[in-house]
Amino acid sequence: MNQDDMKKEAARAALEYLPDSGIIGVGTGSTVNFFIDFLAEIKHRFDGAVSSSEASTERLKAHGIEVIDLNAAGEIEVYVDGADEANHQLSLIKGGGGALTREKIVAAASKKFICIADESKLVDILGAFPLPIEVIPMARSYVARELVKIGGTPALREGFVTDNGNLILDVHHLKIMEPNKLETQLNDIAGIVTVGLFAHRPADVLLLGTPEGTRTVLPA
């Protein structure tokens, strides 16, 4: 079983967590793309989806699934999204695809957050995957200097602009021992829009695709 097969396993397993009606939240990324494709088979069961990115919106619409603005949707029962890393407390690093701000908003507006990934994403300590941070363009250099002060090595994601018109700094060489504390610290830096650290609002359930099937991980 290759990595895509494991992603499909996790994506399929997430269907079991969906409500029988209403609006669901849909994230962004390669694993979520498989989820959207599975979602098309049961689209009669729900009223539509709130999407966290332009790419997911296009894929949902291509399947004939109505995309609803979060302001009109209100609170969402279930949000399904992937992760670049997850620890055993289900704190996450997200934003490899650059959609971290909208992902964090939809996660915050959802009662339950189901994270889907292949087994390689579960780690003991977050930080091997560079931490994405969305920044206002005029603040890029200032934010980078502040990130160096806390031991990170920020790198501008070249040629990339977020759906919100901002830039991404990918921060290397962080060993994130206290995710909640770091998220709070980074949120206080002027010019940062969103930190790709989902610790204040972690996942509620992690579904990991493995060669033996789907493994369900709850917060330790």
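Note: the structure precedes this text.
Residues numbered from 1 in each chain as written. Predicted model: local features only at pLDDT ≥ 70, side-chain atom pairs only at ≥ 80, totals over all residues. Heavy atoms only, no water.

A. Looking closely at the overall build of the chain. Of regular secondary structure, the chain possesses seven helices and 13 strands. Against the 2.2 N^0.38 benchmark of 17 Å for 220 residues, the chain shows a C-alpha radius of gyration of 17 Å, consistent with a compact globule. Reported as C-alpha extents along the three principal axes, the dimensions of the chain are approximately 50 × 40 × 30 Å. Burial statistics for the chain: of 220 residues in total, 54% are counted as buried. Residue pairs in contact within the chain that sit at least 24 positions apart in sequence constitute 73% of those at least 6 positions apart. Total accessible area on the chain stands at roughly 9900 Å², and carbon and sulfur atoms take up 49% of it. Taken as two groups, the 21 positive and 31 negative side-chain charges of the chain have centres that lie 3 Å from each other. (Helix = DSSP H or I, 4+ residues; strand = E, 2+ residues; numbered from the N terminus. Rg over C-alpha atoms; globule rule 2.2 N^0.38 Å. Buried < 20%, exposed > 50% of the residue type's maximum accessible area, 1.4 Å probe, protein only. Contact = heavy atoms within 4.5 Å. Areas by Shrake-Rupley, 256 points an atom, 1.4 Å probe, with all protein chains shown as cover. Lys, Arg positive; Asp, Glu negative; His and termini not counted. Charge placed at Lys NZ, Arg CZ, Asp CG, Glu CD.)

B. Structural detail: the sheet that holds strand β9 (residues 167-172). Here four strands make up an open sheet; going across it, the order is β8-β9-β7-β10 and the pairing antiparallel. The two strands at the open ends of the sheet, each matched to only one other strand, are β8 (153-156) and β10 (192-195). Within this sheet the neighbouring strands show an average axis-to-axis angle of 30 degrees, counted without direction. Summarising the sheet, strand β7 (residues 131-135) and β9 pair through five bridges and their orientation is antiparallel. Among the inter-strand pairings, E134 is bridged to a residue of β9, identified as I168. Against the sheet, helix α6 (residues 140-149) engages β7, β8, β9 and β10, with an angle of about 15 degrees to β9. (Pairing = 2+ DSSP bridges. Axes fitted to C-alpha atoms, helices over the stretch in contact; angles between N-to-C directions.)

C. Structural detail: the packing of aromatic side chains. Considering all chains together, one arrives at one aromatic pair under this definition. Taking 5.2 Å as the distance between ring centres and 40 degrees as the angle between the ring planes, the aromatic pair formed by Y79 and F113 counts as tilted. Of this pair, Y79 sits in strand β3 (residues 76-81) while F113 sits in strand β6 (residues 110-118), and the two are 34 residues apart along the sequence. Each of the two residues, Y79 as well as F113, counts as buried. Here K104 stacks its cationic end above the ring of F198, 4.9 Å away from the centre of that ring. In this arrangement the basic side chain of R157 is found over the ring face of F160, its NZ or CZ atom lying 5.3 Å from the centre. (Phe/Tyr/Trp six-rings, centres within 6.5 Å; stacked < 30°, edge-to-face > 60°. Lys NZ or Arg CZ within 6 Å of the ring centre and 35° of its normal.)

D. Local environment of helix α1 (residues 3-14). The first and last C-alpha atoms of α1 sit 17 Å apart over 12 residues, in line with the 16 Å expected at 1.5 Å per residue. Listed as buried for α1 are M6, K7, A10, A11, A13 and A14. One face of α1 carries all of its buried residues, which in axial projection span an arc of 160 degrees. (Expected span 1.5 Å × (residues − 1). Arc of directions from axis to C-beta.)

E. The arrangement of the packing of helix α2 (residues 30-39) against helix α3 (residues 54-62) in detail. Where α2 contacts α3, the axes come no closer than 9 Å and their chain directions differ by 25 degrees. Viewed along their axes, α2 and α3 adopt a mutual orientation that is roughly parallel. Crossing of α2 over α3 shows right-handed handedness. Contact residues: α2 offers N33, I36, D37 and L39, while α3 offers S56, R59 and L60. When the residues that make up the contact of α2 with α3 are grouped by side-chain class, the tally is three nonpolar, two polar and two charged. (Parallel < 35°, antiparallel > 145°, perpendicular 65-115°, else oblique. Left-handed = near helix turned anticlockwise from the far one by under 90°. Nonpolar A, V, L, I, M, F, W, Y, C, P; charged D, E, K, R; others polar.)

Remember that the coordinates give geometry; whether it matters functionally is a separate question.
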